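# Chains, contacts and geometry: an overview
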Amino acid sequence: MTRKYFGTDGVRGKVGVSPITPDFIMRLGYAAGSVLSKSEASKASGSRPVVLIGKDTRISGYMLEAALEAGFSAAGVDVMLAGPMPTPAIAYLTRALRLSAGVVISASHNPYDDNGIKFFSASGNKLPDAMELEIEAALDAPMSCVASEKLGRAKRLDDARGRYIEFCKSTFPNELDLRGMKIVVDCAHGAAYHIAPDVFHELGAEVIAIGNQPNGFNINDGVGATAPAALVEAVRANHADLGIALDGDADRLIAVDAAGRIYNGDELLYIMVKDQMSVRRIEGAVGTLMTNMALEVAFKEMGIGFARANVGDRYVLEALQERGWSLGGEGSGHMLFLDKHTTGDGIISALQILSALKRSGKTLAQLTSDIDMFPQTLINVRVTPDFDWKKNAALLAEKEAVETELGDTGRVLLRASGTGPLIRVMVEARDAALAEKMARRIAAKLPA
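These lines cover the structure that appears in this document, whether it is placed above or below. (Residues numbered from 1 in each chain as written. Predicted model: local features only at pLDDT ≥ 70, side-chain atom pairs only at ≥ 80, totals over all residues. Heavy atoms only, no water.)

## Brief notes about the overall build of the protein
Note the cut-off: Secondary structure counts use DSSP, requiring at least four H or I residues in a row for a helix and at least two E residues in a row for a strand, with both numbered from the N terminus. Every radius of gyration here is taken over C-alpha atoms, with the globule rule written as 2.2 Å times N^0.38, N being the number of residues. Contacts are residue-level and defined by heavy atoms, with any inter-residue pair within 4.5 Å sufficient. Here the accessible surface of atoms and residues is derived via Shrake-Rupley with a 1.4 Å probe, and residues count as covered only by protein chains that are part of the display. A positive count includes Lys and Arg, and a negative count includes Asp and Glu. His and the chain ends are not counted in either. Each charge is placed at NZ for Lys, CZ for Arg, CG for Asp and CD for Glu.
Tallying secondary structure elements over the protein gives 15 helices and 18 strands in all. Here the C-alpha atoms of the protein give a radius of gyration of 23 Å, agreeing with the 22 Å that 2.2 N^0.38 yields for 448 residues. The principal-axis extents of the C-alpha atoms in the protein amount to approximately 70 × 60 × 40 Å. For the protein, the proportion of contacts with a sequence separation of at least 24, taken over those separated by at least 6, is 70%. Of the accessible surface of the protein, which amounts to about 18800 Å², a share of 51% is contributed by carbon and sulfur atoms. If you average the places of the 49 positive and of the 55 negative side-chain charges in the protein, the two averages end up 2 Å apart.

## Describing helix α14 (residues 393-406)
Condition: Multiplying one less than the number of residues by 1.5 Å gives the expected span of a helix. Per-residue accessibility, obtained with a 1.4 Å probe over protein chains only, is compared with the maximum for each type, and a residue is labelled buried under 20%, exposed over 50%, and partly exposed between these values. Of all possible arcs, the one meant is that of the directions from the helix axis to the C-beta atoms. Polar contacts here mean pairs of N or O atoms no more than 3.5 Å apart (in protein, one a potential hydrogen donor and the other a potential acceptor; neighbouring residues in sequence count only if both atoms are side-chain atoms).
With 14 residues, α14 ought to run about 20 Å at 1.5 Å a step, and its terminal C-alpha atoms sit 20 Å apart, in line with that. L395, E398, K399, V402 and L406 are the residues of α14 that are buried. Buried positions in α14, seen along its axis, are confined to an arc of 100° and lie on one side of it. Along α14, exposed side chains directed more than 90 degrees from the buried face belong to A393, E400 and T404. At the N-terminal end of α14, a side-chain oxygen is found 3.4 Å from the backbone nitrogen of A394, two or three residues along, and the residue is N392. Once α14 finishes, G407 follows within two positions and takes phi at roughly 60°, a positive value.

## Regarding the packing of aromatic side chains
Rule in force here: Between rings of Phe, Tyr and Trp, where Trp is taken as its six-membered ring, a pair exists when centres lie within 6.5 Å; planes separated by under 30 degrees are stacked, by over 60 edge-to-face, and by other angles tilted. Working rule: Lys NZ or Arg CZ, within 6 Å of ring centre, within 35 degrees of ring normal, means a charge sits over the ring.
Applying the stated rule across the entire model yields 7 aromatic pairs. Where Y164 meets F167, the ring centres are 6.5 Å apart and the plane angle is 35°; that geometry is what we call tilted. Taken together, the positions of Y164 and F167, both in helix α6 (residues 160-170) and 3 residues apart, correspond to about one turn of that helix. Owing to a relative accessible area of 10%, F167 belongs among the buried residues under this scheme. A network of ring pairs unites the aromatic residues Y92, Y164 and F167 as a single cluster. The positively charged end of K55 is found above the aromatic ring belonging to Y62, 4.0 Å away from the centroid. Over the face of the ring belonging to Y263 we find R261, whose NZ or CZ atom lies 4.1 Å from the ring centre.

## Some details on the sheet that holds strand β12 (residues 284-288)
What counts is decided by this rule: Here, a strand pair is defined by DSSP locating no fewer than two bridges between the strands. Each axis is a line fitted through C-alpha atoms, taken for helices only over the stretch in contact, and angles between the N-to-C directions span 0 to 180 degrees.
On the basis of which strands lie adjacent, the open sheet formed by 4 strands has the order β13-β12-β14-β15 and mixed pairing. Edge positions in the sheet fall to β13 (305-309) and β15 (335-337), since each of these pairs with one other strand and no more. For this sheet, the mean angle separating the axes of adjacent strands, direction not counted, is 15°. Helix-sheet contacts for helix α9 (residues 265-279) involve β12, β14 (327-329) and β15, and the interaxial angle to β14 is about 170°.

## Topic: the side chain of T291
Take T291: it is sitting in the loop between β12 and α10 (293-302). A polar contact of 2.7 Å, which involves the side chain of T291, links it to the backbone nitrogen of T288. Discounting residues that sit within four places of it in the chain, T291 has contacts with D266, F306, R308, G329, Q376, R411 and E428.

## So, the side chain of S60
Structurally, S60 is set in helix α3 (residues 60-74). Given a relative accessible area of 8%, S60 falls into the buried group. A polar contact is formed between the side chain of S60 and the side chain of N115, at a distance of 2.7 Å. In contact with S60, other than residues within four places in its own chain, are V15, Y112 and N115.

## Focus: the state of the cysteines
Applicable threshold: Disulfides are defined in this document as cysteine sulfur pairs within 2.5 Å.
The final tally for this structure, using the stated rule, is 0 disulfides. C168 carries a free sulfur, and the closest cysteine sulfur to it, the one in C187, is 12 Å from it. Classification of C168 by relative accessible area gives buried; the value is 0%.

## A few points about the sheet that holds strand β9 (residues 242-246)
Read across the sheet, 5 strands follow the order β8-β7-β9-β10-β11 without closing on themselves; strand pairing throughout is mixed. Bordering the open sheet on either side are β8 (206-210) and β11 (262-263), each of which pairs with just one other strand.

## Details of the packing of helix α4 (residues 87-96) against α6
For any two helices packed against each other, one specifies the inter-axial angle together with the distance between the axes. To keep it simple, the criterion reads: Here roughly perpendicular refers to angles of 65 to 115 degrees, roughly parallel to angles under 35, roughly antiparallel to angles over 145, and oblique to all remaining angles.
Contact geometry of α4 with α6 gives a least axis separation of 10 Å together with a crossing angle of 95°. Accordingly, the angle class assigned to the pair α4 and α6 is roughly perpendicular. Together, P88, A89, Y92, L93 and R95 of α4 and A160, R163, Y164 and F167 of α6 make up the contact between the two elements.

## Points about the pattern of salt bridges
In plain terms, the rule: Salt bridges are identified by distance alone: a Lys or Arg side-chain nitrogen within 4 Å of an Asp or Glu carboxyl oxygen.
Summed over all chains, the structure comprises 28 salt bridges. Two residues, E65 and K55, come together in a salt bridge whose shortest N-O distance is 3.4 Å. Here the residue E65 occupies a position in helix α3, and K55 occupies one in strand β2 (residues 50-55), the gap between them amounting to 10 residues. Residue class for E65 comes out buried when judged on its relative accessible area of 6%. By relative accessible area, which is 6% here, K55 ends up buried. One salt bridge connects D313 with K126, and the closest N-O pair in it is separated by 3.2 Å.

## Things to note about the nonpolar core
Within soluble globular proteins, side chains that are nonpolar tend to cluster in buried spots. Heads up, the condition is: Each nonpolar core is a collection of buried residues, namely Ala, Val, Leu, Ile, Met, Phe, Trp, Tyr and Cys, held together in the definition by side-chain atoms within 4.5 Å.
F200, I347 and L354 are the most contacted members of the largest nonpolar core, which totals 68 residues. Here this core takes 8 residues from helix α12 (residues 346-360), the largest share from any one element. With residues near it in sequence (within four places) discarded, L354 still touches F172, L178, M181, I183, F200, L242 and I244. I20, A67, I135 and L139 belong to the second-largest nonpolar core, a separate cluster that totals 31 residues.

Structural data, given as structure tokens:
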């Protein structure tokens, strides 16, 4: 069954445009509450469901929070309000407090005038497909209201921030600390603005915080993981040892070294695999279709498995769970440490990188000196909305020819964009000029 509203990461869109309107979000809260009330867990406990709601710093969060609260209350579901909190914090607190579900109001790395709703199950995982489909089916039914004596209540969770800070710190090795390190932390004017600096400071680091003055409109605006220039400048200006940039809901990161060099998720994943191999034997790691081929080659030489999932941390998580592995990530900076948390967490990921630096006594540059990333050329070609590249004989023939010429020295990836009528042509090769030449050959076969 095809989803109508849920994408790979909840329901998302521009505020004021369906489905991100107050009336729809109230109905969504009611539908989700109705499904939770009928769940086997609620029936077994004999008590009404309790849902935790968190949000990032967008101005629209106030409106959508109120709409969700009304919808849940109408369905007879109690609500706990955490206020601005990172997405992974809501996943953790939902699990730690034994709640029925967690809800995050956020559009992650998008501009302030977008927003979205994502759900977590009682176990701190994203909702299973079956439950999302149940909620979508419930949205088609008329919205009603339980009897007054059964309406849900709402209250603030006052200690959410402190609980989550302590959880983050608990993932850092007890025998290590961050004393002697100067770290710039860019919070993207987002959900971690009042949390991330304190985590690193309490572990001993000297912290310079930027992007920590949200005003409802500046989330991700020229700061954060999607705009690293601000972090690079701050690291250099403050002669810091390291820079860490989160995105608006703090579930991903990028890192910058003392020289101002940016390290993406692929490089950070490589560092973490090496670090874990120095501590314990791991079976393998998961990347995505876009993960640099250099990692695949390196992991093979290290004798560990490597699997590619579709783009999206949801699919990386599924691949890890299928294989019983714990470590995976995307080039965008989403990293998963399933032995630490059930979902991607930018702060916890940064702490694992810092533990690798401390344990090895090396810099990011030294830890990545033995791997040369393959140059990648990515060309986006606009096509008609109904174009199916998998049925285009000329395109497929050219793709096959390029793959034959590259052999095991490169890779071709064709995929349709999930956000518009585009075909993404990516060619990876040891030589940058060759990668570009091959990508243009393939792109030329697409209809103008």
